[in-house]
Amino acid sequence: MTDTDRSHDVVVWGATGVAGRFVAAYLTERYEPADLAVALGGRNESRLDALADDLVDRREGWDDLPVVLGDATDPESLRDVARDARVVCTTVGPYTTYGTPLVEACVDAGTDYCDLTGEVNWVRETVDRYHDAAVDAGARIVHSCGFDSVPADLGTLLVQSFALEEHGAPCDAVRIYLESGSGGVSGGTLASAGELFEAAATDPLARQALRNPYSLAPPGERSGVDEGMQRRPKRDPLRNEWTAPSPMAAANERIVRRSNALLGYPWGREFRCSEAVPTGNGFRGAAGATLVTGGLGLFAAAMSVGPVRDALRRYAFPAPGEGPTEEEAEAGHFRVRIIGRGTAPGGRFTVDATVGADRDPGYGATARMLGEAAVCLLRDEVDSPLDGGVLTPASGIGLPLVDRLRDVGFTATVGDAGDAEAATSPDGA
């Protein structure tokens, strides 16, 4: 099947969910029908029609938004969706429960795909089951194209691209800092977290994926120098301040290591990557790091106990479909800083990058990250040696996605330490 046989440029799969609505709203606001043929996908026709009508009413130039129907329990319906799309952009989680048939359908159809997952166990499953088939089919299956893990993955790529161009050597180690952020959380996001803990409790392969820092590397290369996530308060050697463990490190660190591996280890086989939450100096910084660590530990402990996990999911978490409003998403923000250290013939050097946006990281900003990832795949705006496979944002798309995010208001700066604000791209342009 050729691309000209396909009716839709981008199918937003799960369009009536919280994240899906944000992505559909963003794409129809940013682009016009002549530039992008968008379709809304899911299983509930009446809800999809209502969303389509709402977006058409609100968007000048959009007279119609097609609806495509399918069901995760009906693989043939998903194959029809994949065959008729150039790119499938999916927000339907938990991916461990609902994601695999759609990946398989896209691989079978040679259709590019992007998602929002931070479920390490499921990414490991798709790597093992579908990477080789996706390579053969020329299907780019790009996971983690939202707040998990675009800022960390592309921020590391920015740092390393700058280091290689300006210093002739990569950074030996990169440290990712979740400096600030505000935003809401949806029932779908918490459902994915619950599914991850459920898998860790019941599936030995999932536990192995979560224990091994290199679990997303290609088979045969799942070991290395990194020992794993930070798990306690720690004085940071690069910033000389206290840090706490990051709740996103489990996904982000592994995605970055997979990027390095898929790209052929341009950053070296002894490259180290870690992520933390900075909390400041002195007693207040130490106390903050202790509080964050304790809070994360209590949550993990509660979610690791089956009856407690079930009670939280039933009585405390918002229901799937509940989440922040558009106004709340616009009011959020995030800032991620990435610092790399390396050694070149001229001596040691430090590269500093920042990725951020003035929108809720999980929804307003993520809608732009995922939407622009889909457009990059559609228009083949990628800087990658890979034509297919189970990929990451850095290895499957690369710096063109950074350029697109800058165009829609993101901050993405990089430079030598102390001069990062003066450089907005690896060549200083």
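Cut-offs applied
Residues numbered from 1 in each chain as written. Predicted model: local features only at pLDDT ≥ 70, side-chain atom pairs only at ≥ 80, totals over all residues. Heavy atoms only, no water. Core = buried A, V, L, I, M, F, W, Y, C linked by side-chain atoms within 4.5 Å. Buried < 20%, exposed > 50% of the residue type's maximum accessible area, 1.4 Å probe, protein only. Helix = DSSP H or I, 4+ residues; strand = E, 2+ residues; numbered from the N terminus. Phe/Tyr/Trp six-rings, centres within 6.5 Å; stacked < 30°, edge-to-face > 60°. Pairing = 2+ DSSP bridges. Axes fitted to C-alpha atoms, helices over the stretch in contact; angles between N-to-C directions. Contact = heavy atoms within 4.5 Å.

Draft legend 1. Spatial organisation of the nonpolar core. Residues Leu27, Leu40, Ile141 and Phe334 are the most contacted members of the largest nonpolar core, which totals 111 residues. Ranked by residue count, the leading element in this core is helix α14 (residues 364-378), at nine residues.

Draft legend 2. Spotlight on the packing of aromatic side chains. Evaluated as defined, the whole model comprises five aromatic pairs. Geometrically, the ring pair formed by Trp267 and Phe271 is edge-to-face, given 5.4 Å between the ring centres and 65° between the ring planes. Look at Trp267 and you get buried, because its relative accessible area is 4%. Aromatic ring contacts, followed pair by pair, group Phe147, Phe334 and Phe410 into a single cluster.

Draft legend 3. Structural view of unusual backbone geometry. Pro94 follows Gly93 through a cis peptide bond whose omega is -5°. Secondary-structure assignment places Pro94 in the loop between β4 (85-90) and α4 (95-98). At the junction of Asp148 and Ser149, the peptide bond is cis and its omega measures out at 0° in the coordinates. Within the secondary structure, Ser149 sits in the loop between β6 (140-142) and α7 (150-167). Although it is not a glycine, Ser144 adopts a positive phi angle of roughly 60°.

Draft legend 4. Spotlight on the sheet that holds strand β1 (residues 8-13). Pairing within the open sheet is parallel, and its seven strands lie in the order β3-β2-β1-β4-β5-β6-β13. Each end of this open sheet is capped by a strand with a single partner; those strands are β3 (67-69) and β13 (389-391). Geometrically, the sheet is characterised by an average inter-axis angle of 20° between neighbouring strands, direction not taken into account. As judged from the four bridges shared by β4 and strand β5 (residues 112-115), these two strands associate in the parallel manner. Bridging across to β5, Val87 finds its partner in Asp112. Against the sheet, helix α3 (residues 75-83) touches β1, β3 and β4, its axis set at about 120° to β4. Together, β1, β4, β5 and β6 form the strand contacts of α14, whose direction differs from that of β4 by roughly 160°.

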